[in-house]
Amino acid sequence: MNQDQVSKTSINLAKERSEQLSDLFPEAFREGQLDLEALKAALGLQTSDTKTERFSFTWAGKRDAIRLAQTPSRATLIPSVEESINWDTTSNAFIEGDNLEVLKLIGRSYFGRVKMIYIDPPYNTGNDFVYPDNYSDPLETYLHMTGQTDTNGNRLTSNAESNGRYHSAWLSMMYPRLVLARQFLKEDGIIFISIDDHEVHNLRQLMNEIFGEESLLACFIWHRRQMSDSRNQDRASTDHEYVLAYRRPSATLQGRDVDLSKYNNPNNDPRGDWFSADLTGLANKEQRPNLHYDIANPETEIVYHPSVTRGWSVSKTTFERLIQEGRIIWPSKPDGRPRVRKYLNEREDFKTGFSTILDVGFTTEGTREIQSLFGDKIIQFPKPVSLIKTLIAQATSQYDSDIVMDFFAGSSTTAQAVYELNGEDGGNRRYVLVQLPEPTDNPTFPTIADIGKERIRRVIDKIEKSNGKLLRSSDDLGFRVFKLTQSNYRQWQPTEDAGEIVQQLELMADSLLVAGWKPENVIFEVAVKEGYGLNIQVEQIDGLGDSTVYRVTDSDKAQHFLICLDDQLPADLLIQLGLTQDDLFICLDSALNDTLAANFALQARLKTL
C-alpha cells in the first residue's frame, strides 16, 4: 500500500507561496495555474492591457537569482558532536556550509521563529569574497569547493571591478539569501545588515523589494574609525559604515531608558517630582494659527507673546487649564517664556528613542578582542562585540528565549555578543550561526569557519573561568556544530546511458539510502526536513529486543516522532511501542509488508523512507 513519504528536500519556497496564494484567492487559479488577470480582479485592480511606465529595480542575472531562491536543496546537515560543547543541553548551533543551502534546509525548522537577524556580508569592495553560486547545481559547487567531491569546481573568487557585472554579481548573491531570511523572522522580528558606501544604495533597493519600503526601520550610521584616515589624497576620511534595519509588522526597538535624573521636587509639590518642560511649538502662524496667541500671568498681568516661528505647543484652552492647575512656571523677566511642570507619576512610558547614530565600539576594538583570544590578528576587520551586543539588546528581550541568527558569521562575534549580553541581563537568548569554510593562510585554522568555532570555545572557557560560581544553572554555555554535505538519500543522476540508468534503478530498488549511511546522520536529515529544530533530543527506546527505535523530540515545538531504520520490523513492535494517533512513526518502506503497514497506519501516523 502507498505510504506518506518523508520529505527528501528542503522547503520549496515557490510551491509554498503558491499554496498560500491559492488558499487566499482560489478564484485566481485555473486548472492549477495562476491567472494573473483573475488575481488582479480579485484584488480590485485595473485589468486593462494598458501599459504604464513604473519604477523597477533590476540587474543582469536577476531571473536566475529568483529561480535559485526557489530551488529546493537536496543537501543535508550532519552533526559533529566532537567539535561541539555541551551537546546534550545546548540550544545554540553553528553550521559550517554555504549559507544559501543551509537557509533552505532549516527553512521549515525556523520559519517565523527568529527574533533578530544580524549579518555582515561581503561589502563588494573588489577584494572580498563573493559566494560562487551555481544556478544549475549550487550544492555541487559547494562540495567541489570543500573537497567533498573529486571534480574540480568553482572556488571562491574576488569580485573585481573589472568584472562587467560587478554590482550584478553581488546583488545576485545577496537576493536569494535575503528572500529566505525574511521567512525566518517572527512577526516582531528585525534584520540588521552591516554595509558601507560601495553597495548601501543597491542594498536598500533590494531590501525594499523583498521586505517592502514600509518595512524600513532605520538606516543606522556606525562611527567605526577612532582616528581619521590621513592616507587618502583627497583628504576625505570615511569614518562610518551603515547598518540597515528592516522589520516585520509588529517589531519595535527596545529604546533607551528615560533619564529620570532631571526630575526633582525643589518646592515640595504634593504631586511629587517634576521637571521643567518647554512650551514652544513647531509651527508658524500660517501653519497653525490656533497656536499663536498671547497669554497673561494672572498674578502679574504680564503678557507673554508666542515665538513668531514656533508658536505654543498647546492650545489656548489647554494653556489656561494648566494655569488653573498651578503647573505653569512663570519667567522672572518679561522677555522670558513660560514653562510647564511635567510630573514623574504621570509618565506612562519610561523609554525614549534609540538614536540612529551608533557611537559604540570601533573596528580597532574588534581587532583587539580577537587578539586577546588568539594572541594574533588572525582575521581582518571583525566587528566589535559592543556593536552587535547593542543591536541585540535593542531587538530582543531578556525575558524570552529569543533566537538570534547570523548567516555570515565570520569569526562568530555574534555568538560572543549573545553570551555576554545574557550574562549581563540574565537573558536566555540563543543563536544559529552559519559560516562558509572560506580558506585562510593559517595552517592552525585552515578556514574562517574553524576560526569561528574556536572563538566560541575560547569565549565559553573565558566566561566559565572568570564568572565561576556566578553562573546560573540555566546559562547555556555550549553549541552544536553541524556540517553541510550530501544527502543520505540516493539522488537520481540524469544520464542518457542505458547501462547507467539500469544501475541506478537497481540501486534505488535495493535501498534509498546511500552506502555507508549512519543512523545519527539519517535521523537529523529526517528531523530537519520534517521541520524539527537543531536542538532536538534523540533517545534510543529500551526493551524492544532486536529492534532499534529512537524517539526524537523538539521541546520548542512540543512535537516528536519515532524512527526505526531496521531492515525488517517484527509484528509485535506496534504493541511494544504502544503508539497512538498523536505519534508519528517513520521507518524504511522496504521494512513493511502490507499487513504491518496497515496496522501502523491505523494505530499512528506513518511515514516511510
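Below: a short report on this structure.

What counts as what
Each residue is numbered by its place in its chain's sequence as written, counting from 1. The predicted nature of this model means local features are confined to residues of pLDDT at least 70 and side-chain atom pairs, given and counted, to a pLDDT of 80 or more, with totals for whole chains, interfaces and linings taken over all residues. The basis for every side-chain value is the complete set of non-hydrogen atoms in the structure, without hydrogens or water. Any two strands between which DSSP finds at least two bridges are classified as paired. To qualify as a helix, a DSSP run of H or I must reach at least 4 residues; to qualify as a strand, a run of E must reach at least 2; elements of each kind are numbered from the N terminus. Contacts between residues were defined by any pair of non-hydrogen atoms, one from each residue, lying within 4.5 Å. Only the contacting stretch of a helix is used when fitting its axis, a line to C-alpha atoms as for every element, and angles between N-to-C directions run 0 to 180 degrees. For our purposes a nonpolar core is just a set of buried Ala, Val, Leu, Ile, Met, Phe, Trp, Tyr and Cys residues, chained together by side-chain atoms within 4.5 Å. Any residue under 20% of the maximum accessible area for its type is buried, any over 50% is exposed, and the rest in between are partly exposed; the area is computed with a 1.4 Å probe on protein chains only. Domain start and end points were adopted from an automatic or database domain assignment. One less than the residue count of a helix, multiplied by 1.5 Å, gives the span that helix is expected to have. One speaks of a salt bridge when a side-chain nitrogen belonging to Lys or Arg is within 4 Å of a carboxyl oxygen belonging to Asp or Glu. The aromatic pairing rule takes the rings of Phe, Tyr and Trp, using the six-membered ring of Trp, and pairs them if the centres are within 6.5 Å, calling planes under 30 degrees apart stacked, those over 60 edge-to-face and the rest tilted.

Observations regarding the sheet that holds strand 26 (residues 584–587)
Consideration 1: Read from one edge of the open sheet, six strands run 1-27-26-25-24-23, paired in mixed fashion. Whereas interior strands pair on both sides, the edge strands pair on one side only; in this sheet they are strand 1 (4–5) and strand 23 (537–540).
Consideration 2: Note that strand 23 and strand 24 (residues 549–554) share four bridges and pair antiparallel. Residue pairing in the sheet places Gln540 in a bridge with Tyr550 of strand 24.
Consideration 3: The sheet contacts of helix 15 (residues 519–529) involve strand 23, strand 24, strand 25 (559–564) and strand 26, and relative to strand 25 the element is tilted by about 140°.

Thoughts on the nonpolar core
Nonpolar side chains in soluble globular proteins generally cluster together in the buried interior.
Consideration 1: One finds Ile106, Ile117, Leu178, Ile191, Leu569, Phe585 and Phe600 to be the most contacted residues of the largest nonpolar core, which totals 95 residues.
Consideration 2: It is helix 7 (residues 166–184) that provides the largest number of residues to this core, a total of 10 residues.
Consideration 3: Residue contributions to this core reach at least three from each of two domains, namely domain 2 (77–151 + 165–256 + 353–486) and domain 4 (518–608).
Consideration 4: Leaving out residues up to four positions away in the same chain, Phe600 has contacts with Leu569, Leu573, Leu574, Leu579, Phe585, Leu592 and Leu606.
Consideration 5: Judged by nonpolar contacts, the second largest core, of 45 residues, contains Met116, Trp222, Val459 and Ile460.

Points about helix 7
Consideration 1: Taking 1.5 Å of rise per residue, 19 residues should cover 27 Å, and helix 7 covers 29 Å from first to last C-alpha, within 8% of that figure.
Consideration 2: Buried residues dominate helix 7, accounting for 16 of its 19 residues.

Some remarks on the pattern of salt bridges
Consideration 1: Following the criterion strictly, the structure yields 29 salt bridges and no others.
Consideration 2: In this structure, the salt-bridge partner of Lys453 is Glu96, at a minimum N-O distance of 2.7 Å. Remark: Glu96 occurs in strand 5 (residues 93–96) and Lys453 occurs in helix 13 (residues 448–467); sequence separation between them is 357 residues. In this structure, Lys453 and Glu96 share a single accessibility class: buried.
Consideration 3: With a closest N to O distance of 3.0 Å, Arg457 and Glu454 form a salt bridge. Here Arg457 and its partner Glu454 are both found in helix 13, three residues apart, which amounts to about one turn of the helix.
Consideration 4: You can call Arg457 partly exposed: its relative accessible area is 22%.
Consideration 5: Residue Glu454 is classed as buried on the basis of its relative accessible area of 18%.
Consideration 6: Put simply, Glu83, Glu96, Asp450, Lys453, Glu454, Arg457, Arg458 and Lys483 are held in one network by salt bridges that share partners.

Brief notes about helix 15
Consideration 1: The buried fraction of helix 15 amounts to nine of the 11 residues, a majority that puts the element mostly inside the structure.
Consideration 2: One or two steps after helix 15, the chain reaches Gly531, where phi turns positive at roughly 95°.

Things to note about the packing of aromatic side chains
Consideration 1: What the rule picks out here adds up to 18 aromatic pairs.
Consideration 2: Summarising the aromatic geometry, the rings of Trp312 and Phe319 are spaced 5.4 Å apart at their centres and angled 80° between planes, so their arrangement reads as edge-to-face. Like Trp312, the residue Phe319 is buried in the burial classification.
Consideration 3: Pairing Tyr532 with Phe561 gives two aromatic rings, centres 5.0 Å apart and planes at 85°, and the pair type is edge-to-face. Taken as a pair, Tyr532 in the loop between helix 15 and strand 23 and Phe561 in strand 25 lie far apart in primary sequence, 29 residues in all.

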